Amino acid sequence: ALVPLKKAVALRPDIPDAHSNLGLALSASGKHKDAVASLARAVRLAPGDAYLRHELGVVCHAAGDTTAALAAFRQALALQPGLVESRFNLGNLLRLDGQPMAAEAAWREVLQAAPGHLPSAQNLGSLLVTQGRAANALQCFESILPGHDGVASLHNGRGNALHDLGRLDEALDAFARAAALDPD
């Protein structure tokens, strides 16, 4: 798949999407450094395209460059504040970077913009449990539960919060529901 994409870039080096498509394919094939270079070219060609900056953040993260990934996601959000996936990924990287309060803020912003965003609710709830804020975590898990009752990990997170609150019978029920949904 790389050969046709490289040809497309060679034929039309002025097309940002050609560089973006090549960059994503390079990243998928494990050539992260080349992927970053290709996405950076796409961004230079279309500096106002928030989604290209988002993609650059994704490949920078895959390349192990957290600082560049954080910068790319922030730039994407500066251009398009409502870009939910950039804000979600920003939260993930902030947590990995040892900035749990900033991660919490990012995930809360996602949930304000997209209340049913399950990954943000799960990450926020898990973070709150690890911070000893089980009541807040339980509220987070339960707020997303009605639309996602069939998600085992959500019941597991809820069980952890209930356990930490000393509500052991309810925690056992939540863990049993998680195990029933995903026996592995």
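Structure: see above.
Residues numbered from 1 in each chain as written. Predicted model: local features only at pLDDT ≥ 70, side-chain atom pairs only at ≥ 80, totals over all residues. Heavy atoms only, no water.

Enquirer: Sorry, what's going on with the environment of Pro119 here?
Expert: With respect to the secondary-structure elements, Pro119 resides in helix α8 (residues 118-130). For Pro119, a relative accessible area of 34% gives the class partly exposed. Along the backbone, Pro119 and Phe175 are 56 residues apart, and their C-alpha atoms lie at a distance of 19 Å. (Helix = DSSP H or I, 4+ residues; strand = E, 2+ residues; numbered from the N terminus. Buried < 20%, exposed > 50% of the residue type's maximum accessible area, 1.4 Å probe, protein only.)

Enquirer: I would appreciate a short explanation of the side chain of Ser27 in the present structure.
Expert: Within the secondary structure layout, Ser27 lies in helix α2 (residues 16-28). You can call Ser27 buried: its relative accessible area is 14%. Contact partners of Ser27, with chain neighbours within four places excluded, come to His32, Ala35, Val59 and Ala62. (Contact = heavy atoms within 4.5 Å.)

Enquirer: Help me understand the packing of helix α6 (residues 84-96) against α8, please; the structure alone is not making it clear to me.
Expert: Where α6 meets α8, the closest approach of the two axes is 10 Å, and the angle between their N-to-C directions is 25 degrees. Between α6 and α8, the interaxial angle falls into the category roughly parallel. α6 and α8 meet at a crossing whose hand is left-handed. In this structure, α6 uses Phe88, Asn92 and Arg95 to contact α8, whose residues at the interface are Pro119, Ser120, Asn123, Ser126, Leu127 and Thr130. (Axes fitted to C-alpha atoms, helices over the stretch in contact; angles between N-to-C directions. Parallel < 35°, antiparallel > 145°, perpendicular 65-115°, else oblique. Left-handed = near helix turned anticlockwise from the far one by under 90°.)

Enquirer: Hey, could you run me through the pattern of salt bridges in this one?
Expert: It is possible for side chains bearing opposite charge to pair when their charged atoms get close. Counting across every chain of the model gives seven salt bridges. In this structure, Arg12 and Asp14 form a salt bridge, with 3.3 Å as the shortest nitrogen-oxygen distance. With a relative accessible area of 44%, Arg12 lands in the partly exposed category. Close ionic contact of Glu170 with Arg167 constitutes a salt bridge, the shortest N to O distance being 2.8 Å. Residue Glu170 is classed as partly exposed on the basis of its relative accessible area, which comes to 32%. Residue classification places Arg167 among the partly exposed positions, given a relative accessible area of 33%. (Salt bridge = Lys/Arg side-chain N within 4 Å of Asp/Glu carboxyl O.)

Enquirer: Would you take a moment to explain α2 for this structure?
Expert: Helical geometry note: an α-helix holds 3.6 residues per turn, so side chains three or four residues apart project in the same direction. For α2, built from 13 residues, the straight-helix expectation of 18 Å at 1.5 Å per residue is met to within 8% by its first-to-last C-alpha distance of 18 Å. Looking at α2, one finds that the buried residues are Pro16, Ala18, His19, Ser20, Leu22, Gly23, Ala25, Leu26 and Ser27. For α2, the elements touching its buried residues are α1 (2-11), α3 (32-45) and α4 (50-62). Of the residues trailing α2, Gly30 is marked for its positive phi of about 85 degrees. (Expected span 1.5 Å × (residues − 1).)

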